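Structural overview for review
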Amino acid sequence: MKMRETFLKYIQYTKWYSVNTVAKYRKDLKKFEQYLLIIWKTLENPEEIKLVDVIEFIAYLGKIWLVPWSCNAIIGTIRSYLRYCREILELNVIDQKRIHFCKEPERNMEFFNREEKNLIINAVNSWIGKKSITQLRNRLLTYMLLNTWLRCHEIAKIKVEEIWENLQVIGKWGKRRTVFLKKELLDMINEYLSKRKRKSEYLFDSTKEWHMREWSIRNMYLNLTKKVGFRVHAHKFRHTFATDLLNLPWSNIFNVAKLLWHSRITTTQIYLGVNDTELKDLQFRLSL
């Protein structure tokens, strides 16, 4: 068995990494191996891999326009593989600690302010009087995004039979997660389903057998962007939801992280940013 495959089995059955994480590691190692073949080296002989080879590979990743955090994900995979070779197989390979991660720029989290949310709500509410069931579906989808932490691909795959007082969805990395639904949202769902003539197992359907595609949702919000005059995209609703939660006086970052299913608090900290209007109000409150 190839050394790469033994490493993947090691992290899956010893470290208990998820299937999706193992698949991601396999993809990253394949990229690295393709680069090594150019310089007549392979992952099967890790002792031949020099530090300069890894550094040049990282530079190559930068040249193909990968963002720093994407590069760091691949670097993390290489470090894990070399640690496995060094500590488990006891091979004379380069110390993985000598491979440094790329410096990541500060990530500016985009979210809707109160005025923008009101404009979005007014725009989607204007669809109520329309006869098109598609417009009613899109209005419900927007309210779901505003009132939950769901991602675009998660909300598209919701099945009608899964909806009760809460909702069980398969989230990122294949984990089953609970979404709590307000009574107003449940009433809106029931109203939409009562008017929908087409039978489908999916709440947000596009055909009789299938659910809405992500590109269809993106196109919907592209049209809404032209109407409201600012950029609207599905994942920005999740950013807004998380930011609003953290701004509540009785919330704390640990509960918000649990609700959003973040495995690390540092991920939740990204949503702690504030906008210029909030900073201006804060400064004026302290002024004499």
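Residues numbered from 1 in each chain as written. Predicted model: local features only at pLDDT ≥ 70, side-chain atom pairs only at ≥ 80, totals over all residues. Heavy atoms only, no water.

**Notes on unusual backbone geometry**
Phi is positive for tryptophan 16, close to 60°, though the residue is something other than glycine. What makes tryptophan 16 exposed here is its relative accessible area of 69%. (Buried < 20%, exposed > 50% of the residue type's maximum accessible area, 1.4 Å probe, protein only.)

**Quick look at the packing of helix H6 (residues 133-147) against helix H9 (residues 214-228)**
Packing of H6 against H9 brings their axes to within 12 Å, and their N-to-C directions diverge by 95°. As summarised for this structure, H6 and H9 are arranged roughly perpendicular, according to the angle between their axes. Packed against H6, whose contacting residues are Asn138, Leu141, Thr142 and Leu145, the element H9 presents Ile217, Met220 and Tyr221 at the interface. (Axes fitted to C-alpha atoms, helices over the stretch in contact; angles between N-to-C directions. Helix = DSSP H or I, 4+ residues; strand = E, 2+ residues; numbered from the N terminus. Parallel < 35°, antiparallel > 145°, perpendicular 65-115°, else oblique. Contact = heavy atoms within 4.5 Å.)

**Re the packing of aromatic side chains**
Enumeration according to the criterion identifies 13 aromatic pairs in this entry. Connected via pairs of aromatic rings, a cluster forms that spans Phe7, Tyr10, Tyr17, Tyr25, Tyr81 and Tyr84. (Phe/Tyr/Trp six-rings, centres within 6.5 Å; stacked < 30°, edge-to-face > 60°.)

**Quick look at the confidence of the model for the protein chain**
Per-residue confidence for the protein chain averages 83 on the pLDDT scale, and 89% of its residues sit at or above 70. Within the protein chain, the element-level pLDDT minimum falls on helix H13 (residues 276-286), averaging 66, and the maximum on helix H4 (residues 68-88), averaging 92. (pLDDT = per-residue confidence, 0-100.)

**Topic: H6**
The end-to-end C-alpha distance of H6, which contains 15 residues, comes to 21 Å, matching closely the 21 Å that a straight helix rising 1.5 Å per residue would cover. Most of H6 sits inside the fold, with 11 of its 15 residues counted as buried. Inspection of H6 places Leu136, Arg137, Asn138, Arg139, Leu140, Leu141, Thr142, Tyr143, Met144, Leu145 and Leu146 among the buried residues, and these make up the whole buried set. (Expected span 1.5 Å × (residues − 1).)

**Points about a positive patch on the surface**
Taken together, the side chains of Lys15, Arg83, Arg86 and Lys97 present a region of like positive charge at the surface. Mapped onto the elements, arginine 83 comes out in helix H4. Overall, arginine 83 belongs to the partly exposed group, its relative accessible area being 32%. (Patch = residues over 30% accessible without salt bridge, like charges linked within 9 Å, V, L, I, M, F, W, Y side chains within 5 Å. Areas by Shrake-Rupley, 256 points an atom, 1.4 Å probe, with all protein chains shown as cover. Salt bridge = Lys/Arg side-chain N within 4 Å of Asp/Glu carboxyl O. Lys, Arg positive; Asp, Glu negative; His and termini not counted. Charge placed at Lys NZ, Arg CZ, Asp CG, Glu CD.)

**Structural notes on the environment of phenylalanine 230**
Mapped onto the secondary structure, phenylalanine 230 falls in the loop between H9 and helix H10 (234-247). For the pair formed by phenylalanine 230 and glutamate 116, sequence separation is 114 residues and the distance between their alpha carbons is 8.2 Å. When neighbours within four sequence positions are excluded, phenylalanine 230 is seen to be in contact with Phe112, Glu116, Leu119, Ile120 and Thr225.

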